[in-house]
Amino acid sequence: MSDPYENTPERTFAALPPASGRGFAQSWWGQAWLKSLEDAALDSEQLRTGRRLARAGAVGAVSVRPGRVTAVVQGSDRTAHRADVLLQELSGEQWDRFLGMAAERAGHIAALLDREMPPHLVEDAASAGVELLPGLGDLEAECDCDAWDHCGHTAALCYQVARLLDQDPFVLLLLRGRGERGLLDELQTRSVPRAETVEVRQNTYEGVDAAEAYAAGEILPPLPEVPAVPAEPGLPPSLDTEAAPAPGIDPAALEFLAAQAAREAHRLLADALRPGHAQRAVEAELTPGQDAVRLACGAPGASVAVRLAEGSGRDREGLALAVRSWEYGGVPALDVLESDRPVEAETLARARAALESAWEEDERPVLRASRNRWSVADGQTQLRLGADGRWWPYRKVRGRWAPVGPASQDPATALALAEGQE
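The notes below deal with the structure included here. (Residues numbered from 1 in each chain as written. Predicted model: local features only at pLDDT ≥ 70, side-chain atom pairs only at ≥ 80, totals over all residues. Heavy atoms only, no water.)

1. Quick word on the sheet that holds strand S8 (residues 381–385)
Our working rule: Each pair of strands is called paired provided DSSP finds at least two bridges between the two strands. Numbering of helices and strands runs from the N terminus, with a helix taken as a DSSP run of H or I at least four residues long and a strand as a DSSP run of E at least two residues long. Axes here mean lines fitted to C-alpha atoms, for a helix over just the part in contact, with angles spanning 0 to 180 degrees between N-to-C directions. Here, residues are in contact when the closest pair of their heavy atoms is within 4.5 Å.
The strand order across the open sheet built from five strands is S6-S7-S8-S9-S10, with neighbouring strands paired in antiparallel fashion. Looking at the sheet topology across the chains shown, the edges are occupied by strand S6 (367–370) and strand S10 (400–403). Within the sheet, the average angular offset between the axes of one strand and its neighbour, ignoring direction, is 30°. In terms of strand pairing, S8 meets strand S9 (residues 391–397) through five bridges, oriented antiparallel. Of the residues in S9, the one forming a bridge with Leu385 is Trp391. Together, S6, strand S7 (373–376), S8 and S9 form the strand contacts of helix H14 (residues 345–358), whose direction differs from that of S7 by roughly 30°.

The following block contains the structure:
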């Protein structure tokens, strides 16, 4: 592996050892990388081939540079192929917004230095109009086997890159266009406090007669551009006053609701201004129970948490599990936590086929099926099949099944994540 601190537009990683019997991504950002591949793949057989090649160690040294990752992959017939996966670089303006946002939050810089990519960093970047993680169809494939979509060779490369992302999220940032050393130098420069001189000018304008202004309407200058989305939600006013609250009014609860409303409004505004928003399906309205869980993700105080637990029909421990699920995947994750549904015959057949192909025959774990839940024979780990066909990793914690990671199309990846939470 090249020196990670060298200011270079390219890094080369030595071939990784075989990944027999394990998943390819333990981190949530590595899982997001694989989700982009798996959700857009037109041929699930090519994904299975890619997983087999990657597990067998068929992917050679991996070269990462802005917009492209490259490796030589040895196919099942022992023929070597050059495989490339492309991801669009961020524009200069997008990098400027991301760096400005990250420099204002010391926790983001500290997390990157620890080789972590916390969800709030990605969320704050998205609020600034910068999508760090690839979305549906963002990973483009090129291979000298002449496949027009992802083939087994490019899929194998993607699975191997997920392992690299687990070790170092700067791999993703390099793909997006910036090397680690230059990125850290820029963040350090922006983080140094600067003395700012503010010039206050007093502008005085004379009034204009309304009839005259109306008559001149067609020659007035155009309206100014729409202001940019604020970098972060505004702070609601404090309700901590000397006056006693009215009967039945909880100031702490009102402050919490106001802060969460500002945060949600900021998220919705940023989402509405993103390209392609008008083509997206409208999200279903949350039920009161789901909305209580969403609010509980905002770290409410003890008294507010008790009220949210009661409002969602759960005890405190049940609410904590629901919050944990929500943070891994929102409404679908919450549905998997609480549903114990039968599986239709066709879906069951696809699920069993996925389980059969996920492991070599001598490595396949013993699983006991009960409706949409598959428990490992040791009784400590479990796979749950979501309504969308993805697998959710679960582990028994203090006698209750708890989610331990996001969903994956690959059951082996999900199970490896569950088993890695001991």
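What follows picks up the thread again.
2. Some thoughts on the nonpolar core
Rules: Take the buried residues of types Ala, Val, Leu, Ile, Met, Phe, Trp, Tyr and Cys, join any two whose side-chain atoms come within 4.5 Å, and each joined set is a nonpolar core. The buried label applies to any residue whose accessible area, calculated with a 1.4 Å probe on protein chains only, is under 20% of its type's maximum; exposed applies above 50%, and partly exposed to all values in between.
Grouped together as the largest cluster of nonpolar side chains are 40 residues, with contacts concentrated most on Trp33, Val62, Val64, Val69, Leu157 and Tyr159. Taken together, the elements giving at least two residues each to this core come down to helix H1 (28–40), helix H2 (44–55), strand S2 (62–65), strand S3 (68–74), strand S4 (80–86), helix H6 (152–167) and helix H7 (170–175). A per-element tally of this core places H6 first, with nine residues. When near neighbours in sequence (up to four residues on either side) are disregarded, Val69 contacts Val62, Ser63, Val64, Ala83, Asp84, Val85, Leu157, Val161 and Leu175. Counting residues in each nonpolar core, the second largest holds 23 residues, with Ala253, Val293, Trp392 and Tyr394 among its members.

3. Observations concerning unusual backbone geometry
The residue Asp146 is not glycine, and still its phi comes out positive at about 70°. With respect to the helices and strands, the residue Asp146 is situated in the loop between strand S5 (140–143) and H6. For Ala299, which is not a glycine, the phi torsion comes out positive at approximately 55°. Here Ala299 is to be found in the loop between helix H11 (288–296) and helix H12 (302–311).

4. Section: the packing of H1 against H6
Selection rule: Under this scheme an angle from 65 to 115 degrees is roughly perpendicular, one under 35 degrees roughly parallel, and one over 145 degrees roughly antiparallel; angles in between are oblique. Two helices that cross are described as forming a left-handed crossing if the nearer one is turned anticlockwise from the farther one by less than a right angle, and a right-handed crossing if clockwise. Amino acids outside the nonpolar list (Ala, Val, Leu, Ile, Met, Phe, Trp, Tyr, Cys, Pro) and the charged list (Asp, Glu, Lys, Arg) are all regarded as polar, and Gly is one of them.
Running from amino to carboxyl end, H1 crosses H6 at an angle of 165°, the nearest separation of the two axes being 8 Å. The angle between H1 and H6 falls in the class roughly antiparallel. The crossing of H1 and H6 is right-handed. Contacts from Trp29, Gly30, Trp33, Leu34, Leu37 and Glu38 of H1 reach H6 at Ala155, Cys158, Tyr159, Val161, Ala162, Leu165 and Asp166. Residue composition of the contact of H1 with H6, grouped by class: 10 nonpolar, one polar and two charged.

5. Looking at the packing of aromatic side chains
Using the following cut-off: The rule is short: rings of Phe, Tyr and Trp, with Trp giving its six-membered ring, pair when the centres are within 6.5 Å, and they are stacked under 30 degrees, edge-to-face over 60, tilted in between. Each ring is checked for a lysine NZ or an arginine CZ that lies within 6 Å of its centre and within 35 degrees of its normal; such an atom marks a charge sitting over the ring.
All chains considered together, the criterion is met by four aromatic pairs. Here the aromatic rings of Phe24 and Tyr159 are separated by 5.0 Å at their centres, their planes lie at 45°, and the arrangement is tilted. Here the residue Phe24 occupies a position in the loop between strand S1 (11–13) and H1, and Tyr159 occupies one in helix H6, the gap between them amounting to 135 residues. Tyr159 carries the same exposure label as Phe24, and that label is buried. On the basis of an interplanar angle of 85° and a centroid distance of 6.4 Å, the ring pair of Trp28 and Trp29 is categorised as edge-to-face. The residue whose ring lies beneath Arg384 is Tyr394, and the NZ or CZ to ring-centre distance is 4.0 Å.

6. Regarding the sheet that holds S1
One open sheet accounts for five strands, arranged S1-S2-S3-S4-S5; its pairing is antiparallel. Two strands bound the open sheet, and with one partner strand each, they are S1 and S5. Across the sheet, the mean angle from the axis of one strand to that of its neighbour is 20°, orientation sign disregarded. Judged from the three bridges that link them, S2 and S3 form a sheet pairing that is antiparallel. Opposite Arg65, over in S3, you have Arg68 as the bridge partner.

7. Concerning the pairing of S2
In the sheet, S1 pairs with S2 via three bridges, with the strands oriented antiparallel. Paired with Phe13 across the bridge in S2 is Val62. Counted between consecutive antiparallel strands, the loop separating S2 from S3 contains two residues, among which Gly67 sits at a positive phi close to 85°.

8. Remarks on the state of the cysteines
The cut-off we apply is this: Cysteine sulfur atoms are paired as a disulfide whenever they fall within 2.5 Å.
Enumeration according to the criterion identifies zero disulfides in this entry. There is no disulfide at Cys145, and the cysteine sulfur nearest it, in Cys143, is 3.5 Å away. Its relative accessible area of 28% is what places Cys145 among the partly exposed residues. No disulfide involves Cys151; its sulfur sits 3.7 Å from the nearest other cysteine sulfur, which is in Cys145. Here Cys151 falls in the buried class, since its relative accessible area comes to 4%.

9. A word on helix H15 (residues 411–419)
Taking burial as the measure, the nine residues of H15 include eight buried ones, the bulk of the element. Buried-residue contacts for H15 involve H1, H2, H14, S7, S8 and S9.

10. Structural notes on H2
Which entries qualify depends on this criterion: Helices are assigned an expected span. That span is 1.5 Å times one less than the residue count. The term polar contact refers here to a pair of N or O atoms within 3.5 Å; inside protein, the definition further demands a hydrogen-donor-capable atom paired with an acceptor-capable atom, and it admits residues adjacent in sequence only when both atoms are side-chain atoms.
For H2, which comprises 12 residues, the first-to-last C-alpha distance of 17 Å matches the rise-based estimate of 16 Å (1.5 Å per residue) to within 8%. All of the buried residues in H2 are Leu47, Thr49, Gly50, Arg51, Leu53, Ala54 and Arg55. Looking at the buried positions of H2, the neighbouring elements they touch are H1, S3, H6, H14 and H15. Capping the start of H2, Asp43 holds a side-chain oxygen 2.9 Å from the backbone nitrogen of Glu45, two or three residues further along. Immediately beyond the C-terminal end of H2, within one or two residues, lies Gly57, with a positive phi of roughly 80°.

In short, shape yes, function no, at least from these values alone.
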